[in-house]
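Observations on the three-dimensional arrangement
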Amino acid sequence: MNNAAIGVFDSGVGGLTCVEEIMKLMPHENIVYLGDTARVPYGTRSKETIIRYAKQDIAFLEQHNVKMILVACGTVSSVLANVEHNNKTEVSGVVQPTVHAACAATRNNRIGIIATGATIKSGSYGKVIRGISPDIKVIGKACPMFVPLVENGYTSPDCPPAVFFAEEYLECMKSERVDTLILGCTHYPHLSEVISQVMGEGVKLISSGAELAKYALKTMTYNDQLAERKEQGSLELYCTDSEELFAENVEKFLGKNINAKISKCNLNLVI
Ligand code: DGL
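Counting secondary structure elements, the protein contains eleven helices and ten strands. For 271 residues, the compact-globule estimate of 2.2 N^0.38 gives 18 Å, and the protein sits close to it at 18 Å. Expressed along its principal axes, the backbone C-alpha trace of the protein runs to roughly 45 × 40 × 40 Å. Burial statistics for the protein: of 271 residues in total, 55% are counted as buried. Considering only residue pairs separated by 6 or more positions, the protein has 77% of its internal contacts joining residues 24 or more positions apart. When the accessible area of the protein is evaluated, it comes to approximately 12300 Å², of which 49% is carbon and sulfur surface.

What follows is about the packing of helix H4 (residues 95-105) against helix H10 (residues 208-222). For the pair H4 and H10, interaxial distance at closest approach is 8 Å and the crossing angle is 100°. In terms of axis orientation, H4 runs roughly perpendicular to H10. Within the contact between the two elements, H4 uses Pro97, Thr98 and Ala101 and H10 uses Ser208, Glu211, Leu212 and Tyr215. Tallied by class, the residues present in the contact of H4 with H10 amount to four nonpolar, two polar and one charged.

Here we take up the sheet that holds strand S3 (residues 68-71). Note on sheets: strands pair through backbone hydrogen bonds, and any given pair is parallel or antiparallel. With parallel pairing, six strands are arranged side by side in an open sheet as S4-S3-S1-S2-S9-S10. The two strands at the open ends of the sheet, each matched to only one other strand, are strand S4 (91-93) and strand S10 (261-264). Each adjacent strand pair in this sheet contributes to an overall mean axis angle of 20°, direction not counted. Note that strand S9 (residues 235-239) and S10 share four bridges and pair parallel. When the bridges of S10 are listed, cysteine 239 appears paired with lysine 264.

Looking at the ligand, there are 14 residues lining it, with Ser11, Tyr42, Gly74, Thr75 and His187 nearest. Residue tyrosine 42 places a main-chain N or O atom 2.6 Å away from an oxygen atom belonging to the ligand. Note that an oxygen atom of the ligand is positioned 2.8 Å from one of the backbone N or O atoms of threonine 186. Here the ligand loses 99% of its free accessible area of 290 Å² to cover by the protein chains. When its residues are assigned to classes, the shell around the ligand shows six nonpolar, seven polar and one charged.

Parameters and conventions
Residues numbered from 1 in each chain as written. Predicted model: local features only at pLDDT ≥ 70, side-chain atom pairs only at ≥ 80, totals over all residues. Heavy atoms only, no water. Helix = DSSP H or I, 4+ residues; strand = E, 2+ residues; numbered from the N terminus. Rg over C-alpha atoms; globule rule 2.2 N^0.38 Å. Buried < 20%, exposed > 50% of the residue type's maximum accessible area, 1.4 Å probe, protein only. Contact = heavy atoms within 4.5 Å. Areas by Shrake-Rupley, 256 points an atom, 1.4 Å probe, with all protein chains shown as cover. Axes fitted to C-alpha atoms, helices over the stretch in contact; angles between N-to-C directions. Parallel < 35°, antiparallel > 145°, perpendicular 65-115°, else oblique. Nonpolar A, V, L, I, M, F, W, Y, C, P; charged D, E, K, R; others polar. Pairing = 2+ DSSP bridges. Near = heavy atom within 4 Å. Polar contact = N/O pair within 3.5 Å; in protein donor to acceptor, adjacent residues only side chain to side chain.

Shape descriptors only; they carry no functional weight alone.
In structure tokens:
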């Protein structure tokens, strides 16, 4: 057993989809979360910049002596995949666990991936899918307006801009008859209702943040790293921009009664 916290990070509020699942599956774990809200979005930036930001995020979490770092960001997970990183702590990303869940879910061997521009450009999800099953047809689509919609709270299925962009981006997924859709950016599950409404109920949505949490449970159980604690774990949330704005989103996505300590941190940001 290991009572140290689990570290989780994302460019903003997307990684809260992973935190929510950790709290459901492992309620006794302490969590330290970093949302780099001053520099969101990452998905429109160059590979070099994304790697630089990710290294700073990882270094911040390492200062909190976390036992594992979950990269709850599809963009960083995709871009860091082939980069050597010398971390003290085990670092896991969303791509592998999400792909395994999608390959198990598809019945017609047609999987769609929606994610940020950087993730789609990296081809990360497609490469892993083809390694598992070369017969699966993969259709990728970047959805650059989804992250700003989520960060600004436009997520409801009644919200005209959310519906407009979902219809625009998902048309190709419908015409390609995918039966499984990977939400390859951790922000996108916040738009699940709109996406489901457009795709139809028969299409299975796979949340990358939730799959990463399930993977963390499996590996920590296997390595005997779960916390030995009877009470509810603590939730420490850090952001790099306004705490007030971040708190509003946290309430919206994790619920009003969430018991979390929210602080602003300084990563010595160099944009
Ligand atoms: N939540 C992120 C991802 O999973 C990042 C989106 C962004 O910052 O562009 O890709």
